[in-house]
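Summary of structural features
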Number of protein chains: 2
Amino acid sequence: MHAIGTLAKRTGTKVQTIRYYEQIGLLPEPGRTEGGQRRYDDDDLDRLAFIRHARQLGFTLEAIRELLDLSDNPGWSCADVDVIAHRQLKEVEARLARLEALRKELKRMLRECSRDTVSDCRVLEVLRDHSACLADHGTGV
Amino acid sequence: MHAIGTLAKRTGTKVQTIRYYEQIGLLPEPGRTEGGQRRYDDDDLDRLAFIRHARQLGFTLEAIRELLDLSDNPGWSCADVDVIAHRQLKEVEARLARLEALRKELKRMLRECSRDTVSDCRVLEVLRDHSACLADHGTGV
DNA sequence: CTTACAAGCTACAGTGGGTAGAGGTTCAAG
DNA sequence: CTTGAACCTCTACCCACTGTAGCTTGTAAG
Ligand SMILES: [Zn+2]
Ligand SMILES: [Zn+2]
Ligand SMILES: [Zn+2]
Ligand SMILES: [Zn+2]
């Protein structure tokens, strides 16, 4: 039986975060001492470790909820699990593409700046006018 | 003189977002009609376009506030502007590195999965146990 | 000039994923 | 038995919006 602080230390989670996961139904309500303090067993520890690791891999709490549900049915096909992971991969790849474009444009802005006065600053110039910008983030203005 | 909806359409911003920017002091309070509706001039349009473009490049509203302040002093050195842009570049690069690691691990998980039952699913296995994971996201668990 | 209705207004709540603090209680070591 | 670290609940806050409810204003057609 572990106190909440032990769980926190062992999984690298803040105590408040553990209570938050309980509140949103991601962790089950644990047993309590007579005085009302939470006490966890090793299953809770494993479940929290799973959640934290999935969070580190960028899964949303909703996706994690689905994964936990699936993981409770060991005999089922893992196709659904893989669909969730694949969706996550696609999201990561989309964000990567977007960030890569931003990185390129930021580098270019900085490279082209003469480092003189604000009125000549290439960075501000590009920010004022997307047509001076090579990134393809939408066409507003 | 433009109504708020015109500004919204021309900059690809939601009407509520424009009112939000005003509320947090990023856009000045515009004039009003007798009936109380906001009316904007072309300077407001330029300022909003600047904000939206900087947002598309990932700058935070706080950074944008600084950039706008600097941009109001055309004679100053643009060193401060470039510091802000450089900071933003570093943040983008850090996120890129992190996402790249996630992408790699997600791909590996999916490649190695036998696509059989949940109990054998490689995806779940890796999520349960970081030591089966090649990503280097901290040492918690 | 009336009427219809799109577009505007304010105010407040909610999103995701937590984090911080106030103010009080309990556990465990010495 | 005392001390004090760790626990408890509750509330509010972070970012950058977004959505809703319930009302008022502006404008163009008939
Ligand atoms: Zn510059
Ligand atoms: Zn651009
Ligand atoms: Zn699988
Ligand atoms: Zn891992």
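Residues numbered from 1 in each chain as written. Chains lettered and ligands numbered in written order. Predicted model: local features only at pLDDT ≥ 70, side-chain atom pairs only at ≥ 80, totals over all residues. Heavy atoms only, no water.

1. What about the relation of the copies chain A and chain B?
Overlaying chain A with chain B gives an RMSD of 0.2 Å, the required rotation being 180° about an axis along which the chain moves by 0.0 Å. Between the two chains, the operation in question is that of a two-fold axis. No C-alpha of chain A approaches the rotation axis more nearly than that of Leu 96 of chain A, which lies at 3.1 Å. (Least-squares fit on C-alpha atoms with pLDDT ≥ 70 in both.)

2. A closer look at the side chain of Arg 38 of chain A
All names here are of chain A. Looking at the element boundaries, Arg 38 is found in strand β2 (residues 38–39). Polar side-chain contacts of Arg 38 include one of 2.7 Å to the side chain of Glu 22. Apart from residues no more than four positions distant in its own chain, Arg 38 is found in contact with His 2, Ala 3, Ile 4, Arg 19, Glu 22, Pro 30, Gly 31 and Arg 32. (Helix = DSSP H or I, 4+ residues; strand = E, 2+ residues; numbered from the N terminus. Polar contact = N/O pair within 3.5 Å; in protein donor to acceptor, adjacent residues only side chain to side chain. Contact = heavy atoms within 4.5 Å.)

3. Digging into the domain arrangement of chain A
Domain boundaries assigned for chain A yield domain 1 (4–58) and domain 2 (88–132). Each of domain 1 of chain A and domain 2 of chain A has a C-alpha centre, and these two points are 41 Å apart. (Domains from an automatic or database assignment.)

4. Brief notes about helix α1 (residues 4–11) of chain A
Residues and elements named next belong to chain A. Among the residues making up α1, those that are buried are Ile 4, Leu 7, Ala 8 and Thr 11. Down the axis of α1, the buried set is contained in an arc of 100°. They therefore lie on one face. Where α1 is buried, its residues contact α2 (15–23), β2 and α3 (42–56). One or two steps after α1, the chain reaches Gly 12, where phi turns positive at roughly 65°. (Buried < 20%, exposed > 50% of the residue type's maximum accessible area, 1.4 Å probe, protein only. Arc of directions from axis to C-beta.)

5. Focus: the interface of chain A and chain B
Contacts between the two partners involve 57 residues from chain A and, on the opposite side, 57 residues from chain B. Summing both partners gives a buried area of about 4,900 Å² for chain A against chain B, and 74% of it is carried by carbon and sulfur. There are four salt bridges connecting chain A and chain B. For Glu 93 of chain A, the salt bridge goes to Arg 103 of chain B, with nearest N and O atoms at 3.7 Å. The tally of links between chain A and chain B comes to 16 residue pairs in polar contact (both at pLDDT 80 or more). Elements that contribute at least two residues to the side of chain A that touches chain B include exactly α1, α3, α4 (61–71), α5 (79–112) and α6 (122–128) of chain A. The element best represented in the side of chain A that touches chain B is α5 of chain A, accounting for 20 residues. Split into classes, the residues belonging to the side of chain A that touches chain B amount to 29 nonpolar, 15 polar and 13 charged. (Buried area = accessible area lost by both parts, 1.4 Å probe. Salt bridge = Lys/Arg side-chain N within 4 Å of Asp/Glu carboxyl O. Nonpolar A, V, L, I, M, F, W, Y, C, P; charged D, E, K, R; others polar.)

6. Some remarks on helix α4 (residues 61–71) of chain B
Residues that lie three or four places apart on an α-helix share one face, since the helix turns once every 3.6 residues. Within α4 of chain B, the full set of buried residues consists of Leu 61, Ala 63, Ile 64, Leu 67, Leu 68, Leu 70 and Ser 71 of chain B. In this structure, the buried residues of α4 of chain B make contact with α6 of chain A together with α2 (15–23), α3 (42–56) and α5 (79–112) of chain B.

7. Some words on the protein's contact with DNA strand D
Within the structure, DNA strand D sits among 20 residues, and Arg 19 and Arg 38 of chain A together with Tyr 21, Thr 33 and Arg 55 of chain B are positioned closest to it. Counted by atom, the contact set of DNA strand D within 4 Å of the protein is 82% sugar and phosphate. Thr 33 of chain B places a polar side-chain atom, nitrogen or oxygen, 2.8 Å from a phosphate oxygen of DNA strand D. At the level of elements, α1 of chain A together with α2 and α3 of chain B are the ones that each hand at least two residues to the surface near DNA strand D. Considering each element in turn, the surface near DNA strand D owes the most residues, four residues, to α2 of chain B. The residue makeup of the surface near DNA strand D, split by class, is five nonpolar, nine polar and six charged. (Near = heavy atom within 4 Å.)

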